[in-house]
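# Coordinate analysis (summary)
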Amino acid sequence: NAGFFAIQLALFSILLMFKRSSKMVAPRFKRDPTERAPWFMLGWALQAWKGHEEIYSRDLDAAMVLRFCILGFKFSALGTLLACGLLPLYATESREGTQGLNLLSLPNMHIKDHLWAVVAAAYILVGFFFHFSAHEWRKFGLYRKMHLRRLARGDFGAGPAQASRSILVESIPLEARAPDGSGVRAFFERCFKVTGLHSCILHPNTSEL
């Protein structure tokens, strides 16, 4: 996994070094000419990471996709680390006559005294997965609150701010279906004891058209 990741990272870095291919794989990424970090392999990643907070604050869906990728990276890195400890165990305790990749297989272990290490590694991997998932869930709640707060303040425009305060009401009684929406407005004013409703738009039933 680590070798495959390194190959992918190198290929992606090479594509970013050319203007035409960089526009295809990362159309929104702009290279900072003042950046002193090496561009190949990690330079672009460090530069992109500097702007990740802006993505988290502006686009909640993109933020969650990135956080899911980060979760997968953590889980894969931990699995690779555990495998580095288990593969030598498989190779040194395989049955006689075992060759090739079968040396790195658990069923070919001849000595069963060390199976506890494999079971422990599995529990560690699953336990850390639950830990990572709980951490990302708490992060999601934090980013969601931050996003809704900025949405209500109007940081993304008047339209999204108004939409966040709007609700859809269905199955309106016949006596409240006034064309100007006064019936629905009066109902909510009676329920919540307020008179600050911005607007009320009645959508006619067009199912028979």
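Residues numbered from 1 in each chain as written. Predicted model: local features only at pLDDT ≥ 70, side-chain atom pairs only at ≥ 80, totals over all residues. Heavy atoms only, no water.

### Section: the environment of A178
- The topology assignment puts A178 in the loop between α7 (158-163) and α8 (182-192).
- Residue classification places A178 among the buried residues on the basis of a relative accessible area of 19%.
- Between the alpha carbons of A178 and L202 there is a distance of 7.9 Å; along the sequence they are 24 residues apart. (Helix = DSSP H or I, 4+ residues; strand = E, 2+ residues; numbered from the N terminus. Buried < 20%, exposed > 50% of the residue type's maximum accessible area, 1.4 Å probe, protein only.)

### Concerning the packing of aromatic side chains
- Following the criterion strictly, the structure yields 5 aromatic pairs and no others.
- For the ring pair F128 and F132, a centre distance of 5.8 Å and an interplane angle of 50° mean the geometry is tilted. With a gap of 4 residues between them, F128 and F132 both fall in helix α6 (residues 115-153), about one helical turn apart.
- In this structure F132 comes out as buried when scored by relative accessible area, which is 14%.
- Here the aromatic rings of F187 and F188 are separated by 5.5 Å at their centres, their planes lie at 80°, and the arrangement is edge-to-face.
- For F187, a relative accessible area of 41% puts it in the partly exposed group. (Phe/Tyr/Trp six-rings, centres within 6.5 Å; stacked < 30°, edge-to-face > 60°.)

### Concerning the pattern of salt bridges
- Per the stated rule, a full pass over the model turns up 1 salt bridge.
- Its salt-bridge partner being R67, residue E136 comes within 2.8 Å of it at the nearest N-O pair. A residue pair is termed long-range when its members are at least 10 positions apart, and E136 in helix α6 and R67 in helix α5 (residues 60-92) qualify at 69 residues.
- With a relative accessible area of 9%, R67 lands in the buried category. (Salt bridge = Lys/Arg side-chain N within 4 Å of Asp/Glu carboxyl O.)

### Quick look at a nonpolar patch on the surface
- On the surface, I7, L11, I14, M17 and F18 cluster together into a nonpolar patch covering about 510 Å² of accessible area.
- Positionally, I7 belongs in helix α1 (residues 2-16).
- The class for I7 is exposed, based on a relative accessible area of 51%. (Patch = residues over 30% accessible without salt bridge, like charges linked within 9 Å, V, L, I, M, F, W, Y side chains within 5 Å. Areas by Shrake-Rupley, 256 points an atom, 1.4 Å probe, with all protein chains shown as cover.)

### Let's talk about α6
- In a regular helix each residue adds 1.5 Å, so 39 residues correspond to 57 Å; α6 covers 58 Å between its end C-alpha atoms and thus fits that length.
- Among the residues trailing α6, G154 stands out with phi positive, at a value near 90°. (Expected span 1.5 Å × (residues − 1).)

### Considerations on the packing of α5 against α6
- For the pair α5 and α6, the least separation of the axes is 10 Å and the interaxial angle reads 165°. As the angle between them shows, α5 and α6 are arranged roughly antiparallel. Judged by the sense of rotation from one axis to the other, the crossing of α5 with α6 is right-handed.
- Of the residues belonging to the contact of α5 with α6, the class tally is 19 nonpolar, 4 polar and 5 charged. (Axes fitted to C-alpha atoms, helices over the stretch in contact; angles between N-to-C directions. Parallel < 35°, antiparallel > 145°, perpendicular 65-115°, else oblique. Left-handed = near helix turned anticlockwise from the far one by under 90°. Nonpolar A, V, L, I, M, F, W, Y, C, P; charged D, E, K, R; others polar.)

### Section: α5
- Over its 33 residues, α5 runs 49 Å from end to end, which matches the ideal 48 Å to within 8%, given 1.5 Å per residue.
- Maximum bend of α5: about 30°, positioned at C84, with proline P88 one to four residues after it. (Bend = angle between axes of the 7 residues up to and from the residue.)

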